[in-house]
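Okay, here's what each chain looks like letter by letter:
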Amino acid sequence: ISQEVELGDVIATLNLEPSSVEIIPAGMRLGMDGGMFVEESAECIAEFDPGYSAAIESDPPRIGSSPPEVGNFHAGIHLSDDFGNQALYSVWRGGLLCYDIDAETAGFPLDTSILGLMAGDAFDPLFPDSKPLLIHTSPEKPPTLEYAGENDVVVVVEDLGLQFYAELDHRETLMLGMGLNVDAGIDLPFDGTTGELAIGVQLAGEDVVATVTDNEFVPDANAAIEENFAGVFDTLVGSIVGGLVEDL
């Protein structure tokens with residue numbers, strides 16, 4: 001099997017080929033070697049890209065065994081940690097987490113009043129009148145998979161940079177930089193009629209830990225910004241990201 005897989009604006013190539021067959025009284029297993037790759041790093045990823053995904057060794061479960069929550073089944077598909085992380089590395093390398101979000105992208109006015117939701121009135125002296133705001137992401141590390149949690153899988157994103165830019169003194173200025181650690185729950189509902197596998201992303205402010213990394217203008221507001229970011233994420237960033245990842 002060799003085919004292109006489209007995830008958002010990223011097109012990755014998926015390759016699978018049979019590598020082994022095991023037959024015992026409890027059942028049969030067809031082993032597959034596989035991989036997913038993107039030809040070139042996106043421009044926003046090039047400085048962070050190590051050129052490979054981290055290898056993780058894992059053993060397949062015993063033939064005929066199944067987790068208690070699954071119960072009996074006639075056929076199943078197991079994906080190794082290594083394959084899942086390689087797939088996430090590939091879409092990260094293709095720029096899936098790179099966004100420049102402005103009012104046009106967001107679909108509603110996006111301005112410096114957003115800074116006030118996090119920092120109270122700390123930025124008010126700099127912006128007596130609201131100015132347009134640009135939100136830029138810098139995903140420094142590829143996501144990884146975890147299988148423990150309420151969702152089918154959890155995508156763990158570390159060191160996701162988030163920068164807020166606005167016009168100050170007649171130039172675009174970095175007003176605030178943050179580093180985010182994100183645990184995004186992923187559910188994979190399968191349609192047995194059409195054979196389609198959907199990707200449902202569950203993401204809320206409580207799943208995000210934010211740390212201020214750049215705040216030259218009002219550093220005394222850092223603690224408040226970190227504490228209030230979850231609410232801003234739910235009302236602003238979450239809705240934007242949700243629109244970008246729906247219908248995968």
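As a reminder, the structure under discussion sits directly above these lines.
Note that this is a predicted model, so its numbers are computed, not measured. Residue positions are counted from 1 within each chain, in the order its sequence is given. Reporting in this predicted model follows two pLDDT cut-offs: at least 70 for local features of residues, and 80 or more for side-chain atom pairs to be given and counted; totals over whole chains, interfaces and linings ignore these cut-offs and use all residues. Where side-chain values are given, they derive from all heavy atoms of the structure, hydrogens and water being excluded.

## Thoughts on the side chain of Asn85
1) Next: Looking at where Asn85 falls in the secondary structure, it is placed in helix H1 (residues 81-93).
2) Next: Under the scheme applied here, a residue whose accessible area is under 20% of the maximum for its type counts as buried, over 50% as exposed, and between as partly exposed, the area being computed with a 1.4 Å probe on protein chains only. Taking relative accessible area as the criterion, Asn85 reaches 6% and is therefore assigned buried.
3) Next: Each residue touching Asn85, except ones within four places of it in the same chain, is listed here: Ser53, Ile56, Thr144 and Leu145. What counts as a helix is a DSSP run of H or I of at least four residues, what counts as a strand is a run of E of at least two, and both are numbered from the N terminus. In this description, contact between two residues means that some pair of their heavy atoms is separated by no more than 4.5 Å.

## Some points on H1
1) Next: How far a helix is expected to stretch is found by multiplying one less than its residue total by 1.5 Å. Relative to the 18 Å expected for 13 residues at 1.5 Å per residue, H1 spans 18 Å between its end C-alpha atoms, a close match to the ideal helical length.
2) Next: The element H1 is extensively covered by neighbouring structure, given that 10 of its 13 residues are classed as buried.
3) Next: Of the residues making up H1, those classed as buried are Phe83, Gly84, Asn85, Ala87, Leu88, Tyr89, Ser90, Val91, Trp92 and Arg93.
4) Next: Just downstream of H1, Gly95 is the residue with a positive phi angle, here 95 degrees.

## Considering the state of the cysteines
1) Next: Only a pair of cysteine sulfur atoms within 2.5 Å counts as a disulfide in this structure description. All chains considered together, the criterion is met by 1 disulfide.
2) Next: The partner cysteine of Cys44 in its disulfide is Cys98, sulfur to sulfur 1.9 Å. The sign of the S-S torsion, about 90 degrees, decides the handedness of the disulfide formed by Cys44 and Cys98: right-handed. Taken as a pair, Cys44 in the loop between strand S3 (27-37) and H1 and Cys98 in the loop between H1 and strand S4 (100-101) lie far apart in primary sequence, 54 residues in all.

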